[in-house]
Amino acid sequence: MNRNDMRYSQYVSILKEELVPAMGCTEPIAIAYGASIAAGVLEQLPQKVLIEASGSIIKNVKSVIVPNTHHLKGMSAAAASGIIAGDPSRKLEVISDVCEEKKCQIEQFLNTAVFEEKFLDSDSVFDLRITLYANEHHACVQIKDTHTNVILIEKDGEVILHKDSESKQSVRTDHTVLNMKDIYDFIDTCDIQDIRDVLMSQIRCNYAIAEEGMRHDYGANIGKVLMKHGSNSVHTKAKAFAAAASDARMNGCELPVIINSGSGNQGITCSIPVYVYAQEYGIDEERMLRALALSNLTAIHEKTKIGTLSAFCGAVSAGAGAGAGIAYVLGADYEGVIHTVVNALAISSGIICDGAKASCAAKIATSVDAGIFGYQMYLEGQQFVGGDGIIVKGIENTIANIGRLGSSGMKETNREIISMMIGEKE
């Protein structure tokens, strides 16, 4: 792809916009971010905190530990951390720098202020309102559609900021330009210096938290279990280290990750397996980075059609992306890459998202396994073809079907999952 081609700059921008740092699961961090903004507007410590959130947000906050809070969980803990210790200028790293004194103050504030959590019936799967009350004053912040898309800031009924949620598109590169043929062309021909920094940052951050997950006791320790009981192979290590990063991230580790499509787990899944394979086979840095760009852009392309939050597990699309990246590391051409993606999606698309929690690590391992197996199938001349379930002829048609399944097809599934988990329907 020529550097003067408009698509070239768009693809570079998409990678830079999507691959950003975050500490902790991004849904509770979004709550902390909104609460920190509201606290700055209120300019005093609130006596009451009202958190209103759509069901998919509640689902993803319920069971994960909020970092830098002495292992607290839940929406109230996330809001309290933002109010007491948040730096809104850091966005998804809003509570990345919290001293011990502040951690204790967060716990004290949770015990002294009144916290109210409400289900927010919304037309968006991602909708969050946080209102803080102090004496006769109040401040409200609303975030919608994406984790840092603030659409409303209000104090005492006076609107400070208001915008349509759709206006985020004016500052966000149009993701509909993505397609597998152009993605492959871009990653195979781009000047690697244009994307090197963001991809190297992803590897440094995400592999560091993977090593942390393998060293210590986090969640269900899926990474350690895989390494103990799996074969001594690059295949096992790729799955295990990706899982270990999620083990740590879901269970309070205070290290950042570089996310993909608003998700740390998806950023982990896209990057670590590709890096592990590149290291094992002695692949040079440039080819590794091209493979990482392919993995990330493939996952973003799939996720764009699914939407921000869904009952469709995001690790599935990221695992297919990882399969594509691994195939490229091992010398696959375009045909090998797209057959890998189709095979992986055919294998693992039944995995549901029932919230962020320890078992996400196991789902990541399963999805990475599907990506690797999808390429192994291709090497043996085997593939799933149009008519095999939701697989249809043409890579873009199959990705469109996955998007349809994850967005509209699983709406009722998402409602039932939320009802089972929290007793509310979205």
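The shown structure was predicted, so the numbers you read here are calculated from the model rather than taken from an experiment.

### Structural notes on the packing of aromatic side chains
The full count for this structure, using the stated rule, is 9 aromatic pairs. Residues tyrosine 8 and phenylalanine 186 carry aromatic rings whose centres are separated by 5.3 Å and whose planes lie at 70° to one another, so their mutual orientation is edge-to-face. Residue tyrosine 8 is located in helix H1 (residues 6-18), and its partner phenylalanine 186 is located in helix H6 (residues 180-189); the two are separated by 178 residues in the primary sequence. Phenylalanine 186 matches tyrosine 8 in its accessibility class, with the two residues each being buried. Between tyrosine 184 and tyrosine 328 the ring centres are 5.9 Å apart and the planes differ by 75°, which places this aromatic pair in the edge-to-face class. You can see tyrosine 184 sitting in helix H6 and its partner tyrosine 328 sitting in helix H12 (residues 314-329), a full 144 residues away along the chain. Tyrosine 328 carries the same exposure label as tyrosine 184, and that label is buried. Above the face of the tyrosine 133 ring, lysine 48 is positioned so that its terminal group lies 5.4 Å from the ring centre. The positively charged end of lysine 237 is found above the aromatic ring belonging to phenylalanine 241, 5.1 Å away from the centroid.

### Things to note about the sheet that holds strand S7 (residues 137-144)
The strand order across the open sheet built from 6 strands is S5-S2-S6-S7-S8-S9, with neighbouring strands paired in mixed fashion. The strands lining the two open edges of the sheet, one partner per strand, are strand S5 (114-119) and strand S9 (158-162). When strand polarity is set aside, the average angle formed by the axes of neighbouring strands in this sheet is 10°. Relative to strand S6 (residues 127-134), strand S2 (residues 48-53) runs antiparallel, the two being bridged by 6 bridges. Bridged to leucine 50 within S6 is threonine 131.

### A few points about the nonpolar core
By size, the foremost hydrophobic cluster in this structure holds 128 residues, and its most contacted members are Ile31, Leu128, Met180, Phe186, Ile195, Ile272 and Leu297. Looking at which element gives the most residues to this core, the answer is helix H2 (residues 26-42), with 11 residues. Discounting residues that sit within four places of it in the chain, methionine 180 has contacts with Leu294, Thr298, His301, Tyr334, Val337, Ile338, Val341, Ile395, Glu396 and Ile399. Counting 6 residues, the second largest nonpolar core, distinct from the first, contains Ile222, Leu226, Ala243 and Ala361.

### Points about the pairing of S7
Judged by how many residues are buried, S7 sits mostly within the fold: 6 of 8 residues are covered. Pairing analysis gives 8 bridges linking S6 to S7, with the strands arranged antiparallel. For leucine 128, the partnering residue across the bridge sits in S7 and is isoleucine 143. Between S6 and S7, which pair antiparallel in sequence order, lie 2 residues; one of them, asparagine 135, sits at a positive phi of approximately 55°. In this sheet, strand S8 (residues 150-155) lies alongside S7 in antiparallel orientation, the contact comprising 5 bridges. Its bridge partner being in S8, valine 141 is matched across the sheet by isoleucine 153. The antiparallel hairpin formed by S7 and S8 contains 5 residues in its connecting segment, where aspartate 145 sits at a positive phi of about 75°.

### Regarding unusual backbone geometry
Only a minority of non-glycine residues have a phi that is not negative, and only a minority of peptide bonds are not trans. For lysine 91, which is not glycine, the phi torsion reads 50° and is therefore positive. For lysine 91, the location among the structural elements is in the loop between helix H4 (75-85) and helix H5 (100-112). The exposure class assigned to lysine 91 is partly exposed, which follows from its relative accessible area of 43%. In this model, aspartate 145 sits at a positive phi of 75°, which is unusual for a non-glycine residue. Judged by its relative accessible area of 16%, aspartate 145 falls in the buried class.

Cut-offs used in this document
- Residues numbered from 1 in each chain as written.
- Predicted model: local features only at pLDDT ≥ 70, side-chain atom pairs only at ≥ 80, totals over all residues.
- Heavy atoms only, no water.
- Phe/Tyr/Trp six-rings, centres within 6.5 Å; stacked < 30°, edge-to-face > 60°.
- Helix = DSSP H or I, 4+ residues; strand = E, 2+ residues; numbered from the N terminus.
- Buried < 20%, exposed > 50% of the residue type's maximum accessible area, 1.4 Å probe, protein only.
- Lys NZ or Arg CZ within 6 Å of the ring centre and 35° of its normal.
- Pairing = 2+ DSSP bridges.
- Axes fitted to C-alpha atoms, helices over the stretch in contact; angles between N-to-C directions.
- Core = buried A, V, L, I, M, F, W, Y, C linked by side-chain atoms within 4.5 Å.
- Contact = heavy atoms within 4.5 Å.

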